[in-house]
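Structural overview
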There are 2 protein chains.
Amino acid sequence: MTRAETRTSGGLAGALRLSVVRLNRRLRSQRADTSVTLTQVAALSTLRHHGRMSPGALAAHEKVQPPSMTRVLAALEERGLVTRRAHPHDRRQAIVELTDVGTKIVDEEVRAREAWLCQRIQGIPEQDRQTLRAAVEVINRIVES
Amino acid sequence: MTRAETRTSGGLAGALRLSVVRLNRRLRSQRADTSVTLTQVAALSTLRHHGRMSPGALAAHEKVQPPSMTRVLAALEERGLVTRRAHPHDRRQAIVELTDVGTKIVDEEVRAREAWLCQRIQGIPEQDRQTLRAAVEVINRIVES
DNA sequence: TATTGTTATACTCTATAACTATA
DNA sequence: TATAGTTATAGAGTATAACAATA
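Figured I'd write up the structure that's included with this text.

The rules we used
Residues numbered from 1 in each chain as written. Chains lettered and ligands numbered in written order. Predicted model: local features only at pLDDT ≥ 70, side-chain atom pairs only at ≥ 80, totals over all residues. Heavy atoms only, no water. Near = heavy atom within 4 Å. Polar contact = N/O pair within 3.5 Å; in protein donor to acceptor, adjacent residues only side chain to side chain. Helix = DSSP H or I, 4+ residues; strand = E, 2+ residues; numbered from the N terminus. Nonpolar A, V, L, I, M, F, W, Y, C, P; charged D, E, K, R; others polar. Salt bridge = Lys/Arg side-chain N within 4 Å of Asp/Glu carboxyl O. Buried < 20%, exposed > 50% of the residue type's maximum accessible area, 1.4 Å probe, protein only.

**Looking at the protein's contact with DNA strand C**
Surveying the vicinity of DNA strand C reveals 25 residues, the closest of which are Ser 68 and Arg 91 of chain A together with Arg 25, Thr 70 and Arg 84 of chain B. Of everything in DNA strand C that lies within 4 Å of the protein, sugar and phosphate atoms constitute 69%. Here a phosphate oxygen of DNA strand C sits 2.7 Å away from a polar atom, N or O, in the side chain of Arg 25 of chain B. The contact in question runs from a phosphate oxygen of DNA strand C to an N or O atom on the backbone of Gly 56 of chain B, over 3.0 Å. Looking at the surface near DNA strand C, the elements with two or more residues in it are helix 2 (38–50) and helix 4 (66–78) of chain A together with helix 3 (55–62) and helix 4 (66–78) of chain B. Looking at which element gives the most residues to the surface near DNA strand C, the answer is helix 4 of chain B, with four residues. Looking at side-chain class alone, the surface near DNA strand C contains seven nonpolar, nine polar and nine charged residues.

Shown next, in the form of C-alpha cells:
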C-alpha cells in the first residue's frame, strides 16, 4: 500500500484496515504456549493501568460485549491471575482485580511475550516511533468515538 | 493511554498492541449481515490491488497459514466472488482471480461496509490523517519484517 | 524429495438471546 | 422496571498435523 493510494479518506480507511488486520494476526501468532492469550493480555493490561473495576467496566474499556468479558475473566480467574470481590454497596456488581501473580504476569511474562513487536519498534528510526506514538492517540480517539 | 506512557519501546509496543486489538474488534463488528466478513474483505482487497495469484501467495500476503486461506477462498468461491483456474505450467498451483461480481463487491459494497471508519477519518483534522498515512507505512514495514 | 494445496481437527475470540439476581 | 452479570449457543478466524498430487 503506497502513500499515493491513501490520499482519499476511503483509500486511507482501506489501507488502515488492512494494516490493522495483519498486525493483529501477527500479534496473535506471537502467543507462547505457556503464556496468556492476546485477549487476556489486553484485559490484564487494562486492569494494570486503570486498577480494579467491574466486569462491565472492563468490557466497555476493551470494546467487547459483557458475555465475552465473562469468558475472559473466567479463564483468568481459573489461572489465579485475577480475583473477584463483592461490590460493597451493590450486590449485583463484582470488583475484579489483579492478584500478585497477575501483576507479575503483566510486568514480566507479558513483556517477554511482546518481544517480537518491541524488538521491531526498537529497530526503526526515531521518527517512525514518533509517528506510531501519534497514531496510537489518533486510533484511540477513533475507537472511542 | 497517554503520550507519556509510550516513551519507551516497551510502552509504545504495549500501547500500539491495545490500540490495534481494539480497532480490529471495532472493524469486525461493523459487519453487515448480507456482506462479506472482514477476513474475506481483506483477501478480496489484496486480489483487487495485486491481481490474480495462487492461494499460497495470497496466504503470504495476508500473513495467514495456507489452510486458513483455503477456507476463506472456499467461502468466496461458493459466493461467486472469485474463480480458480489451473496454472498454465504447474498443475500443483491454482490461480485465483476476482469475478466481475467480486470486483463489484470490492469497489462498492466493501466501501459501504467501511463507512464507519471512513466517516471517522473524514471527521478528524488533516494533520491526524497525515499521521495515519505515515503510520500505515510504518506498520506495514513492521508486519513484513 | 520438495512444493502446493487440501482435509481433518481443535482452539480462540466474539456475538446475540435468554436467564438470574439485585436495585 | 432497569441494571449487572452469567449461561447457552453459534459462527468467524486461525492453527497444526496429516494427506494427495505434482514437480
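This is not the end of the story, as more comes after the structure.
**Here we look at the protein's contact with DNA strand D**
If you check the shell around DNA strand D, you find 24 residues, and the closest are Arg 25, Thr 70 and Arg 84 of chain A together with Thr 37 and Ser 68 of chain B. One nitrogen or oxygen atom from the main chain of Gly 56 of chain A is found 2.8 Å from a phosphate oxygen belonging to DNA strand D. A distance of 2.7 Å is found between a phosphate oxygen of DNA strand D and a side-chain nitrogen or oxygen belonging to Thr 37 of chain B. Those elements giving two or more residues to the surface near DNA strand D turn out to be helix 3 (55–62) and helix 4 of chain A together with helix 2 (38–50) and helix 4 of chain B. Residues that form the surface near DNA strand D fall into these classes: seven nonpolar, nine polar and eight charged.

**Considerations on the pattern of salt bridges**
Summed over the entire model, instances satisfying the criterion amount to 24 salt bridges over all chains. Among the salt bridges present, the one from Glu 114 of chain B reaches Arg 17 of chain A, with a minimum N-O distance of 2.3 Å. Remark: Arg 17 of chain A occurs in helix 1 (residues 9–29) and Glu 114 of chain B occurs in the loop between helix 5 (100–113) and helix 6 (115–122); the pair is interchain, linking two chains. Arg 17 of chain A gets classed as buried once you look at its relative accessible area, which sits at 4%. Among the salt bridges present, the one from Arg 52 of chain B reaches Glu 97 of chain B, with a minimum N-O distance of 2.8 Å. Taken together, the residues Arg 52 of chain B in the loop between helix 2 and helix 3 and Glu 97 of chain B in strand 2 (residues 94–98) connect sequence positions 45 residues apart. Looking at Arg 52 of chain B, the relative accessible area reads 53%, which means it is exposed. Overall, Glu 97 of chain B belongs to the buried group, its relative accessible area being 19%. Ionic contacts of the salt-bridge type, sharing partners, join the residues Arg 22 and Arg 25 of chain A together with Glu 62 of chain B into one network.

Without other data, these values stay purely geometric and don't point to any function.
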